[in-house]
Amino acid sequence: LEPWELQLLSNVGIEGNPLDAINRINNGPVLFIASDGSVQDGTYGSCSFIITIAPSRRRIAWGSSSVPGKQPSSFRAEAYGVLAASRFLFHLSRFTDSPINQRIRHWIDNQSVVLRLQQMLSGQAWNSNHTLSNDWDVMIEIESTLKSMSGIVYTAHWIKSHQDREREVQDL
């Protein structure tokens, strides 16, 4: 792995062995991913993910990582959670020499990340202005990774999960 991937995937766990995991992924009805990211004081970012099989919600893999960058944004931290989960699946498939043939539903609590994922995966072309975005490097890597796994049908879904002034935490 390249250094950036070693950092991204250094704190990953897997339930059972890789062959069992890939078989559970491909034989289940649908794969669920949930990822999250956060930034503290605009200087330190972290992300995490969990991968399960629906409807049993049996855990397959999980991980967490720091988010590199001088001043990581919430968007970048959330996107790194997506990247970590997708790179894990990519490498699991390569390691086991088994393609992933599965529907994937990814739940993300950052609506902007979900919208950007939906745009790029729908075939809307990148233009040169996109390369100026602070988070272009992460998004282009996610796009490349997901498109390289030709047997998946990936959808990103927004889920509200943060308490606000209008709603109590128990009502989320």
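Since the model is a prediction, treat every value here as computed from it, not as a measurement.

1. A few points about the side chain of Asp135
Here Asp135 shows up in the loop between α4 (111-121) and α5 (136-148). Each residue touching Asp135, except ones within four places of it in the same chain, is listed here: Ser73, Phe75 and Arg76.

2. Quick look at the packing of helix α3 (residues 74-96) against α5
Geometrically, a packed helix pair is captured by the angle between its two axes and the distance between the axes. Between α3 and α5, the least distance of the axes is 9 Å, while the angle of their chain directions is 25°. Comparing their axes, α5 and α3 come out roughly parallel. α5 is crossed by α3, and the crossing has left-handed handedness. Between α3 and α5, the contacting residues are Phe75, Arg76, Ala79, Tyr80, Val82, Leu83, Ser86, Arg87 and Phe90 on the first element and Asp137, Val138, Met139, Glu141, Ile142, Thr145, Leu146 and Ser148 on the second. Residues belonging to the contact of α3 with α5 are distributed by class as follows: ten nonpolar, three polar and four charged.

3. A few points about the packing of aromatic side chains
Considering all chains together, one arrives at two aromatic pairs under this definition. Relative to Trp107, the ring of Phe32 has its centre 6.2 Å away and its plane inclined at 85°; by these criteria the two rings are edge-to-face. Of this pair, Phe32 sits in strand β2 (residues 30-40) while Trp107 sits in strand β5 (residues 102-108), and the two are 75 residues apart along the sequence. Given the relative accessible area of 13%, Phe32 is considered buried. Residue classification places Trp107 among the partly exposed positions, given a relative accessible area of 29%.

4. Quick notes on unusual backbone geometry
The omega angle of the peptide bond from Ala54 to Pro55 is 0°, so this bond is cis rather than trans. One can find Pro55 in the loop between β3 (44-54) and β4 (58-67). Here Asp41, not a glycine, exhibits a phi torsion of approximately 55°, which is positive. Along the chain, the position of Asp41 falls in the loop between β2 and β3. We classify Asp41 as exposed; its relative accessible area is 68%.

5. A word on the confidence of the model for the protein
Looking at the protein as a whole, its pLDDT mean stands at 91, while 92% of the residues score no less than 70. At the level of individual helices and strands, the protein shows its lowest average pLDDT in α4, which scores 93, and its highest in strand β1 (residues 12-14), which scores 98.

Definitions and limits used
- Residues numbered from 1 in each chain as written.
- Predicted model: local features only at pLDDT ≥ 70, side-chain atom pairs only at ≥ 80, totals over all residues.
- Heavy atoms only, no water.
- Helix = DSSP H or I, 4+ residues; strand = E, 2+ residues; numbered from the N terminus.
- Contact = heavy atoms within 4.5 Å.
- Axes fitted to C-alpha atoms, helices over the stretch in contact; angles between N-to-C directions.
- Parallel < 35°, antiparallel > 145°, perpendicular 65-115°, else oblique.
- Left-handed = near helix turned anticlockwise from the far one by under 90°.
- Nonpolar A, V, L, I, M, F, W, Y, C, P; charged D, E, K, R; others polar.
- Phe/Tyr/Trp six-rings, centres within 6.5 Å; stacked < 30°, edge-to-face > 60°.
- Buried < 20%, exposed > 50% of the residue type's maximum accessible area, 1.4 Å probe, protein only.
- pLDDT = per-residue confidence, 0-100.

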